[in-house]
Amino acid sequence: MSGAVVHASVSSAEQPLRAEGISPVVDDPLELARFTRWEGDETAQRIGVSSLQLSGMHCAACTGLIEGALTALPGVLGARVNAASQRATVRWDPARSRMSELLAAVRQAGYGAVPDVAASAREQRRAEQRSVLWRLFVGSFLAMQVMMLATPSYVAGPGDLAPDLAQLLNWGSWILSIPVMGFGGMPFLRGAWESLRRRRIGMDVPVALGLVVTFVASTGATFDPGGIFGHEVYFDSLTMFIAFLWFGRWLEMRARHRAAEELESALAAMPETALRLLDDGSVEEVAVARLRPGDRVRVPAGAAVPADGVLLGESGGVGEALLTGESEPVPKRRGDTVLAGSINVVAPLEMRVERVGADTRHEAIVALMREALSQRPASARLADRVAGPFLWVVLALAAGSAAAWSVIEPSRALWVAVSVLIVTCPCALSLSMPATLVAAAGGLARRGVLLSSLDALQSFSQLRTLFVDKTGTLTADRPVLCAAEPIGPDAEIAGEADRALRLAASLARWSSHPFSAAIVAAAAEAAPLPAGGDAWRDVREEAGFGLSATDARGVEWRLGTAAWAMPTGPRDKLGDGAVWLSRAGRGVARFSFDEQLRPDAQETVRWLQAEGIRLTLLSGDRSGRARQVADRLGIADVVAGSGPEDKLATLRAAKVGGEVVGMVGDGLNDAPVMAAADVSVAMGHGALAARRSADAVIVSGRLEGLADLRRSAVLTMRIVRQNLAWSAAYNASCIPLAMIGWLPPWLAGLGMAASSVLVILNAQRASSASANARID
Amino acid sequence: MDILYLLIPLSAVLILVIVGIFGWAVYSGQFDDVEREGERPLMDEPEAADGPGARQRGD
């Protein structure tokens, strides 16, 4: 951690901007590392990217307030808030600001914020659950009681109800409405006050206005029946309105909490403590945050690996299901890499720590997921932009109809304005999109498809052309080496094939390409490879072509496609799908592989084609072989023998027509192509580079995940359209009714609350089982 | 009908008391995990704490 942060935490005591309850402990670099990813170089300026868990948000407009409060601070480079998941991602400069200041700024804006580490987030969820349940109960229980007290005035004939009894009933309703206003209405009033103070119109403003106007007018009518407010009381509609608001919010909170819990349970594999081996052979238990690169750690059988590192001994097997999608435990040898968050299945192992905290691959995946949750999709941003003008129009309509009615019939002017304010529900407008997308992402995560960008759902639902990588995507990720043939003058010498294989394997260990892995696996099967490896220098990997390195005598060796290994070699050997080993440009050995189609490839391809998606096979292999695979799957278009640039050009050409173009791939050589596609999907076992540029990751490694994604995307977009259509139709029909005075405030409250509840319930369908049913 | 002048204020007070009791129940955590209370009779041993350690002992 940089010295700047340590220095900053020392001087934080004299900072003026401090809020109650924020401990400067959050400025401790160790503590920061738990929810912060560092960007930039080690020495000079580092940029922190921190996740915060927010509370107290009621509407999409709050995101703007919190973002504004954060970006107003010096040192904050950017802040992004997602209303649906209640998370914020802040980019900040630790040299110019402190985490405790950021938290204090959010609190001063009227919201809660804690670092997004699971424990405190869980505590916050529990507190929020209690508070919402409490407000829902106060609202709904008291609304029923107020309704009972209000019933006599509805059913009594003229003169049946004595004036003093009516007065007593009104008084009873007033008493019971006070807790509802205090507990249930206050959050809206506070929200409205905050947004007014910041000169921003939030969704709370018209709600609070309606509440205050209704309560004040009814109170006046209760205590002064002959006064300016008339004698009608509306405590029943007021309390019912608040109860409905909280019911909608309760449903939304449950959906959000469920999504958060799913994410946490999927990613909470990290242990709290680790067993560090000391030099004298003893073992001490330390917090995982205290581990440093270079430490030696013992991991008991059945425990999770605390950090990324290298094995110091043999291990029976490590389960990496979450990190790589590989469900079987992977046997590991001395010198192999083990990843944080994987489970040590068989016997205790010892390892040397290489990367800790936010730098580990596990944390990279966690960060990917968090980023997706705190991201506002383009469509939701549109809803935010619409919300402001929408509110002004509503306020203008309310004022206009009040003015008109004060001419026609002054006694009804107030109530018409109130019902116009209450009936308009922009919540449905700005709530539907994020709630639906988050619900869909939660449902997909359960099926092993992680979305790193919520926009992917929209693009995937409009997908027309899908480019599919062959190796590792349509075919099983592990090709099997079927032949190693030495060529050249020494070819006939016995044992030469084995020597060539071992030589190739020592070089292939530097790469994570499936072919390299197959060569290493085949060589290791014959005899264990030495731990240190051979003395290769200047090893480099050219994506899509192969590896090159120089040996101890300075001779260049290459391992890869024929064109790469033998630039001047015989042309007829080019692009035959085999991997060649060459010494100074002369072929030494040829390795050929067998590929197996994934078991679910055929039905997934057929299903996607039935959906009207045009599939194109992209492959670096020679055309004959790619053609063969395509024919077996029934794919008509094949672009074979192409390197990354050719793939990119093909994809760009397809995009020219304006169609939505997708790309599914796995390896290193796909990353630029994926970045260029409108929507990209990475298979879970692929290189991390490809995942980084992917919009979705199929962690399970099943191709069926593509069908799940498509089905869920189509359903999600249909639900979003339904919700938008519903709120538009609702407003279009109710606002005129309210303006001409046919809609009493209680019915307006019912309508608004019901519309919110309907939208949220509809959004929940996106995560339902039917959206994720298997292909039959 | 005169009894209404007593009953209405009485019911208002009673309702507020009920709301108070519910508030105490919510904030003392009785609704945090409703399912677990139902499963409690099925557990072999009483749960000592909400820790993973408590579960491991049972296996």
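Keep in mind that what you see is a predicted model, and the values were worked out from it rather than measured. (Residues numbered from 1 in each chain as written. Chains lettered and ligands numbered in written order. Predicted model: local features only at pLDDT ≥ 70, side-chain atom pairs only at ≥ 80, totals over all residues. Heavy atoms only, no water.)

## Focus on the overall build of chain A
What chain A contains, in helices and strands, is 25 helices and 27 strands. Across the 776 residues that make up chain A, the buried fraction comes to 56%. Accessible surface computed for chain A: about 32,200 Å², of which carbon and sulfur atoms make up 58%. (Helix = DSSP H or I, 4+ residues; strand = E, 2+ residues; numbered from the N terminus. Buried < 20%, exposed > 50% of the residue type's maximum accessible area, 1.4 Å probe, protein only. Areas by Shrake-Rupley, 256 points an atom, 1.4 Å probe, with all protein chains shown as cover.)

## Remarks on the nonpolar core
Residues and elements named next belong to chain A. Ranked by size, the top nonpolar core spans 46 residues in total, and within it Leu451, Leu457, Leu466, Leu474, Leu706 and Leu709 carry the most contacts. Broken down by element, the residue count for this core peaks at 8 residues, all from helix α24 (residues 704–739). When sequence neighbours within four positions are dropped, the list of residues in contact with Leu709 reads Leu444, Val449, Leu451, Leu457, Phe460, Val681 and Ala696. Membership of the second largest hydrophobic core comes to 36 residues, among which are Trp134, Leu142, Leu176 and Phe188. (Core = buried A, V, L, I, M, F, W, Y, C linked by side-chain atoms within 4.5 Å. Contact = heavy atoms within 4.5 Å.)

## Focus: the packing of helix α6 (residues 163–197) of chain A against helix α1 (residues 4–27) of chain B
Look at α6 of chain A against α1 of chain B: their axes get within 10 Å of each other, and the N-to-C directions meet at 5°. On the basis of the axis angle, α6 of chain A is roughly parallel to α1 of chain B. Between α6 of chain A and α1 of chain B, the contacting residues are Asp164, Leu165, Leu168, Leu169, Trp171, Ile175, Leu176 and Pro179 of chain A on the first element and Leu4, Tyr5, Ile8, Pro9, Ala12, Ile15 and Leu16 of chain B on the second. Split by residue class, the contact of α6 of chain A with α1 of chain B holds 14 nonpolar, no polar and 1 charged. (Axes fitted to C-alpha atoms, helices over the stretch in contact; angles between N-to-C directions. Parallel < 35°, antiparallel > 145°, perpendicular 65-115°, else oblique. Nonpolar A, V, L, I, M, F, W, Y, C, P; charged D, E, K, R; others polar.)

## Thoughts on the confidence of the model for chain A
Residues and elements named next belong to chain A. Across chain A, pLDDT averages 74, with 72% of residues at or above 70. pLDDT under 50 marks residues 1–20. Its contacts with residues more than four places away, or in other chains, come to 33 contacts. For the stretch residues 686–690, pLDDT sits under 50, and the model shows 15 contacts to residues farther than four places along the chain or on other chains. (pLDDT = per-residue confidence, 0-100.)

## Considering a nonpolar patch on the surface
A cluster of nonpolar side chains, namely Ile3, Leu6, Leu7 and Leu10 of chain B, defines an oily patch on the protein surface of about 390 Å² accessible area. Structurally, Leu6 of chain B can be placed in helix α1. (Patch = residues over 30% accessible without salt bridge, like charges linked within 9 Å, V, L, I, M, F, W, Y side chains within 5 Å. Salt bridge = Lys/Arg side-chain N within 4 Å of Asp/Glu carboxyl O.)

## Overview of the confidence of the model for chain B
Residue and element names in this part refer to chain B. Confidence along chain B averages 73 in pLDDT terms, with 69% of residues attaining 70 or more. The least confident element of chain B is helix α3 (residues 52–58), whose mean pLDDT is 39; the most confident is α1, at 92. Note on residues 46–59: pLDDT under 50 across the span, and 7 contacts to partners over four residues away in sequence or across chains. The ipTM, which scores confidence in the relative placement of chains, is 0.76 for this predicted complex, and the corresponding pTM is 0.55.

## Some words on the environment of Val310 of chain A
With respect to the helices and strands, Val310 of chain A occurs in strand β9 (residues 308–311). Excluding anything up to four places from it in sequence, Val310 of chain A contacts Gly335, Asp336, Glu350, Met351, Arg352 and Glu354 of chain A.

## Some words on the packing of aromatic side chains
Scanning all chains against the criterion turns up 9 aromatic pairs over all chains. Their ring planes at 15° and their centres at 3.5 Å tell us that Phe137 of chain A and Phe22 of chain B sit as a pair that is stacked. On the criterion of chain membership, the pair formed by Phe137 of chain A in helix α5 (residues 118–155) and Phe22 of chain B in helix α1 is interchain, its members lying in two chains. Neither residue differs from the other here; Phe137 of chain A and Phe22 of chain B are each classed as buried. Taking 6.2 Å as the distance between ring centres and 70° as the angle between the ring planes, the aromatic pair formed by Phe215 of chain A and Phe235 of chain A counts as edge-to-face. (Phe/Tyr/Trp six-rings, centres within 6.5 Å; stacked < 30°, edge-to-face > 60°.)

## Concerning the pattern of salt bridges
All names here are of chain A. Summed over the entire model, instances satisfying the criterion amount to 12 salt bridges over all chains. Between Arg96 and Asp93 there is a salt bridge; the shortest N-O distance is 3.5 Å. Between Arg627 and Asp631 there is a salt bridge; the shortest N-O distance is 3.4 Å. Highlighted residues: Arg627 and Asp631, both in helix α20 (residues 623–633), separated by 4 residues, approximately one helical turn.

## Re the sheet that holds strand β27 (residues 696–698) of chain A
The pairing of strands in a sheet happens through backbone hydrogen bonds and is either parallel or antiparallel. Residues and elements named next belong to chain A. If you walk across this open sheet you meet the 7 strands as β15-β27-β26-β25-β16-β23-β24, and the pairing is mixed. Strands with a single pairing partner mark the edges of an open sheet, and in this sheet they are β15 (449–451) and β24 (637–639). The sheet shows a mean angle of 20° between the axes of neighbouring strands, direction not considered. Across 3 bridges, the pairing between strand β26 (residues 679–683) and β27 is parallel. Across the sheet, residue Val681 finds its bridge partner in β27, namely Ala696. (Pairing = 2+ DSSP bridges.)

## Digging into the interface of chain B and chain A
Accessible area lost upon the coming together of the parts is a frequently used measure of interface size. Taken residue by residue, the interface counts 17 residues in chain B and 20 residues in chain A. With both chains or domains summed, chain B and chain A bury close to 1,800 Å², and 80% of this area falls on carbon and sulfur atoms. Per-residue buried area on chain B facing chain A is highest for Tyr5, Ile8 and Tyr27 of chain B; these three make up 30% of the total on that side. Along the lines of polarity and charge, the residues of the side of chain B that touches chain A split into 13 nonpolar, 3 polar and 1 charged. (Buried area = accessible area lost by both parts, 1.4 Å probe.)

## What about helix α19 (residues 601–610) of chain A?
Residue and element names in this part refer to chain A. Those residues of α19 that sit buried are Ala601, Thr604, Val605, Trp607 and Leu608. All buried residues of α19 project into a common sector of 165° when viewed along the axis, lining one side. What points out from α19, more than 90 degrees from its buried face, is the exposed set Arg606 and Ala610. Two residues or fewer after α19 comes Gly612, characterised by a positive phi angle close to 90°. (Arc of directions from axis to C-beta.)

## Considerations on the sheet that holds strand β18 (residues 537–542) of chain A
Residues and elements named next belong to chain A. Taken together, the 6 strands give an open sheet; going across it, the order is β17-β22-β21-β20-β19-β18, and neighbouring strands pair in antiparallel fashion. With one partner strand each, in any of the chains shown, β17 (480–486) and β18 form the two edges of the open sheet. Sheet twist, expressed as the mean angle between neighbouring strand axes with direction ignored, is 15°.

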